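A closer look at the structure
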Amino acid sequence: MRHDQRAEKFRQIVENKFQIYNSLFMSLPYDKMTNIGMLLPFLCEESKAGYEAGKTPEEIVEEFFSSHTNLQTEEQKLELLFKVIQYIERQVVLFDSIEDAAFPSLHSESDKGTVTNLYERSLQDHKLEKVREKLRDFAVKIVFTAHPTQFYPNSVQRILHDLRNTINKDSVTDIDMLLQQLGKTPFVNKEKPTPIDEAMSIIYYLRYVYYDTIGDLFTKIKSTFANDHFHLHEDLIQLGFWPGGDRDGNPFVTAEVTKRVAEELRSAILKAYYNNLKSVRRRLSFRGVSEVLGQLSTELYTAIFRNEKIDAEDIIKRLDEAEEILVTQHNSLFAELLQNFRDRVKIFGTHFATLDVRQDSRIHQKVIDEVYAKISGNKEVSNEAKFNRLIQHSETVNPEDFEDIVKDTLLTVRQISEIQQMNGIRGMNRYIISNSDAVKDVMNVYAFFKVCGYQDDEINMDIVPLFETMEGLANAEQVMSELYQNPVYKKHLERRGHHQTIMLGFSDGTKDGGYLKANWEIYKAKEVLTTLSEQNGIKVVFFDGRGGPPARGGGKTHDFYASQGKTIANNKIELTIQGQTITSIFGNKEQAQYNFEQLLTAGVENDVFKNAKKDLTEEERALMIELSEISYQKYSDLKAHPMFVPYLQEMSTLEYYGKTNIGSRPSKRGNGNELKFEDLRAIPFVGSWAQLKQNVPGFFGFGFAMQQLKEQGRFDEVRALYKGSDFFKTLVLNSMMSMNKTYFPLTYYIKNNPKFGPFWNVLFDEYTLSKEIMLELTGFTRLQEEDALSRKSVKIRERIVLPLLSIQQYALMKIQKGEGNKEAYEKLVTRSLFGNINASRNSA
């Protein structure tokens, strides 16, 4: 389907439907507020015209009150604003549902990046065998995290799911009923979710979306590419899981929580098998087969409800037994049902998704210090001496002899073998270390296992360093080089099949170094670590810690991975997804399958269909270094500006993220009252810029760097880089996506602020420069010109939330001035976060 055809289809089945069903909101059951739907368009128009005329949010909202209402008291006005927010939140849900329902109609089975397209291309280019060869030794892994960017409570997510299905049927009566339910359903968690709550929320998607999606996709790939000589391996598509295992900065994730989540994952997959088996038994009602499957059903039931042990091998053994009877006695009737079921058991085992453990390296050092002091009574030795002593002497400790985080860390490590026994080795097999920048960070974790009583050959865990700051990325090569030569770690890698996973943090990298510098440093780190690993006989896998927006490594993910050259290891594509990225990109079967296919084909295409544009020439590489250094200096100057942190604290919603009750994790590291840049979490940092509609981390310094070269008469070099390098082109287009979601008129009023005016002008000038020079570079007349569907979607979503932004800024202005009911205005700010984040879908 061509871009213009898709744009027209979008207008028909998304824009028009939204207009029609939006009218149903007029009858939503709001107490004493039946006229919200009539008032909202006035606030929307007042906002749009007012900002273009240079009015402040306070002036716009006050004029709205005086022109369109008879409200006199502050209490009445606040009540109306809260009702407007509730109304807009539900409009966003409606638009989400309509757009999601339209997804299959806007995307074709043979689109670029689909399995069908890959097959057709491989036939055309006579590379079908090369594709099969790549599929033999390749995998895609999506790791679900508990990072707090999901503002829909579970009850609302269920309505969204039902609404999507009902919209597909165009049943006005049913849609009206669901919208009424939506009007009565709270959008706010009264209390913060626990880590268990977060885990159960994502386990819902595992059971009701990914079980079928991945099973069906595996069958599709198998039927497309498999033959008598080629069989797909069951690890082709994998799932990872962080809720309940990721304790980095989250004191609520304990050893007990981790064990409970592992149990819930096991229970969920066994229930999925039990239900799947019901449908299989409905068809396979034949003598002999029926009895075997009945026995398996009983075994699954007792494993679920009486907690009796069952392994994937036990289930497969029963299915093999049933299949033999089916083939020999019943003409293989419905044999594909058994085969597909068996494939799912091989894919998901008894673990469903691999539960990772993650903790900060600084916490680990604290644990090592205390354990070493307990064992030796000596504190005054080097960190290297500590982990060496603990590893070599194999002295065990009792976790109960310690307190707090030290005790819990040791308990967590000690119970890993129990979880592996229950869920299988795939249930838990790696330990991730945040803020890694030294050899000790990895070896400390190895020492944990030793002091918890593990023999070397019992440590069935990959130890994964996470390099996420500029310093960490710069040290990565030296750290891994030393580790590969460390005798203890070298033997560990031999036992792990000479595999090493290395995680790279886009979110914190961008926060630390700016958009262009972070992406380039990660690219370079992957290159040097690829070469280093190959020299040491190690098969390296890069695990990308990415968020939804370009400022946190997101954007057009297929294009990003397809742009990686042959200098970067391509054994597996592995990345994190979280929050509303789960619901918006992988939230239903059609979208999930499409996006899994996009990732899979990106990796395969990279190796099979070589493209010179993917590999940087020496001249291009030199230019990338120059551009990244210029942009880094520009971004570093911004970070060093005395108003940088105060601006976020006083003029943005940063201080309100922790009050939203959307995640169990605190919004910053450290316990101090003073806010330090290094303690800022990437999500509230990037999200606060998004709420301001400034999206600074997604572009700042990029335009300035290109302008510097242009002033030197070298813009043709930048143009050549854009045309010649897929990697650079993807960075440019993703940055333009960030800028397309900005709206600086919202904060024009700040330029007159005596304290923050000059700082705001720095941001606005860089945005203006970046936009102009990127349009010149690409030849576009507007941002996101190449992606009509995304552009249209963004435009509608921005229009829906514009009144919400006016209310948010109005409340912030009242708080800054110290006027009125401060507590109520603070609640107004916090509440306004929800709809805006949900509407943006990938803004945090």
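These numbers come from a predicted model, not from an experiment.

Re the overall build of the protein
Assigned secondary structure in the protein consists of 34 helices and nine strands. In terms of C-alpha radius of gyration, the protein reaches 28 Å, essentially the compact-globule figure of 28 Å for 844 residues. Sorting the 844 residues of the protein into buried and exposed places 62% on the buried side. A fraction of 82% describes how many contacts in the protein between residues 6 or more apart in sequence connect residues 24 or more apart.

Examining the packing of helix α7 (residues 154-169) against helix α8 (residues 172-184)
Two elements in contact, α7 and α8, have axes separated by 10 Å at closest approach and are oriented at 165°. As the angle between them shows, α7 and α8 are arranged roughly antiparallel. Of the two elements, α7 crosses α8, and the hand of that crossing is left-handed. The residues of α8 that touch α7, namely those facing V156, I159, D162, L163, T166 and I167, are D174, I175, L178, L179, Q181 and L182. Here the residues of the contact of α7 with α8 are counted per class, giving eight nonpolar, two polar and two charged.

Comments concerning the pairing of strand β2 (residues 237-241)
Counting buried positions over the five residues of β2 gives five, a clear majority of the element. In β2, alternate side chains face the same way, and those of I237, L239 and F241 on one face and Q238 and G240 on the other are all buried. Where strand β1 (residues 139-145) and β2 come together, five bridges link them in parallel fashion. Opposite V140, over in β2, you have I237 as the bridge partner. Examined bridge by bridge, β2 and strand β3 (residues 354-355) share two bridges and lie parallel to one another. Within the sheet, the bridge partner assigned to F241 lies in β3 and is L355.

Observations concerning the sheet that holds β1
Taking strand neighbours across the sheet as the criterion, the nine strands line up as β3-β2-β1-β9-β8-β7-β6-β5-β4 in an open arrangement whose pairing is parallel. Edge positions in the sheet fall to β3 and β4 (357-360), since each has one partner strand and no second. Packed on one face of the sheet, helix α18 (residues 439-451) meets β5 (430-434) and β6 (462-467) and runs near 140° to β5. Of the strands in this sheet, β6 and β7 (499-505) touch helix α19 (residues 470-485), which is tilted by about 155° from β6.

A word on helix α12 (residues 312-329)
Here α12 spans 26 Å end to end across 18 residues, near enough to the 26 Å set by a 1.5 Å rise per residue. Burial in α12 covers these residues: A312, I315, I316, R318, L319, A322, E323, I325 and L326. N331 occupies a position one or two residues after α12 and carries a positive phi of about 55°.

A word on the side chain of S688
Mapped onto the elements of the fold, S688 is located in helix α28 (residues 682-691). Not counting residues within four places of it along the chain, the set of residues in contact with S688 comprises L648, S652, T653, L654 and Y657.

What to know about the packing of aromatic side chains
Working definition: an aromatic ring pair is given by the centre-to-centre distance plus the angle between the planes. One pass over the full model with this rule turns up 41 aromatic pairs. Taking 6.2 Å as the distance between ring centres and 85° as the angle between the ring planes, the aromatic pair formed by F644 and F759 counts as edge-to-face. Of this pair, F644 sits in helix α27 (residues 644-651) while F759 is found in helix α32 (residues 757-778), placing the two residues 115 residues apart along the sequence. The buried category is assigned to F644, whose relative accessible area is 1%. Taken together, the ring pairs in this structure connect F644, Y647, F685, W689, F756 and F759 into an aromatic cluster.

Observations regarding the environment of F764
Its location among the elements puts F764 in helix α32. According to the relative accessible area criterion, F764 is partly exposed, its value standing at 21%. Through-space distance from the C-alpha of F764 to that of Q12 is 36 Å; in sequence the pair is 752 residues apart. Not counting residues within four places of it along the chain, the set of residues in contact with F764 comprises F744 and Y748.

Description of the nonpolar core
Core analysis: the largest hydrophobic core is formed by 195 residues, its most contacted members being Y210 and F728. In terms of residue count, helix α9 (residues 195-225) provides more of this core than any other element does, 15 residues in total. Counting 66 residues, the second-largest nonpolar core is a separate cluster that includes L24, L178, L182 and A839.

Considering a positive patch on the surface
Together, K48, R782, K795 and R799 line one region of the surface with positive charge. Tracing the chain through its elements places K48 in helix α2 (residues 36-52).

Some details on the pattern of salt bridges
For the coordinates displayed, the defined rule picks out 61 salt bridges. For K589, the salt bridge goes to D216, with nearest N and O atoms at 2.4 Å. Taken together, the positions of K589 in helix α25 (residues 589-608) and D216 in helix α9 put the pair 373 residues apart, joining distant regions of the chain. Owing to a relative accessible area of 28%, D216 belongs among the partly exposed residues under this scheme. It is possible to trace a salt-bridge network through shared partners that takes in E58, E62, K77, K814, K817 and E819.

Brief notes about helix α14 (residues 361-376)
Look at α14: 22 Å from first C-alpha to last across 16 residues, which is about the 22 Å you get at 1.5 Å a residue. Against β4, α15 (383-393), α16 (404-414), β5 and α18 lie the buried residues of α14. Sitting at the head of α14, D360 places a side-chain oxygen 2.8 Å from the backbone nitrogen of R362. At the exit of α14 stands G377, carrying a positive phi of roughly 75°.

Section: the pairing of strand β8 (residues 539-545)
Judged by how many residues are buried, β8 sits mostly within the fold: six of seven residues are covered. Here β7 runs beside β8; their pairing, made up of seven bridges, is parallel. Note on β8: the bridge partner recorded for G505 is G545. In terms of strand pairing, β8 meets strand β9 (residues 572-578) through two bridges, oriented parallel. Following the sheet pairing, D544 is matched in β9 by L575.

Conventions and cut-offs
- Residues numbered from 1 in each chain as written.
- Predicted model: local features only at pLDDT ≥ 70, side-chain atom pairs only at ≥ 80, totals over all residues.
- Heavy atoms only, no water.
- Helix = DSSP H or I, 4+ residues; strand = E, 2+ residues; numbered from the N terminus.
- Rg over C-alpha atoms; globule rule 2.2 N^0.38 Å.
- Buried < 20%, exposed > 50% of the residue type's maximum accessible area, 1.4 Å probe, protein only.
- Contact = heavy atoms within 4.5 Å.
- Axes fitted to C-alpha atoms, helices over the stretch in contact; angles between N-to-C directions.
- Parallel < 35°, antiparallel > 145°, perpendicular 65-115°, else oblique.
- Left-handed = near helix turned anticlockwise from the far one by under 90°.
- Nonpolar A, V, L, I, M, F, W, Y, C, P; charged D, E, K, R; others polar.
- Pairing = 2+ DSSP bridges.
- Expected span 1.5 Å × (residues − 1).
- Phe/Tyr/Trp six-rings, centres within 6.5 Å; stacked < 30°, edge-to-face > 60°.
- Core = buried A, V, L, I, M, F, W, Y, C linked by side-chain atoms within 4.5 Å.
- Patch = residues over 30% accessible without salt bridge, like charges linked within 9 Å, V, L, I, M, F, W, Y side chains within 5 Å.
- Areas by Shrake-Rupley, 256 points an atom, 1.4 Å probe, with all protein chains shown as cover.
- Salt bridge = Lys/Arg side-chain N within 4 Å of Asp/Glu carboxyl O.
- Lys, Arg positive; Asp, Glu negative; His and termini not counted.
- Charge placed at Lys NZ, Arg CZ, Asp CG, Glu CD.
- Polar contact = N/O pair within 3.5 Å; in protein donor to acceptor, adjacent residues only side chain to side chain.

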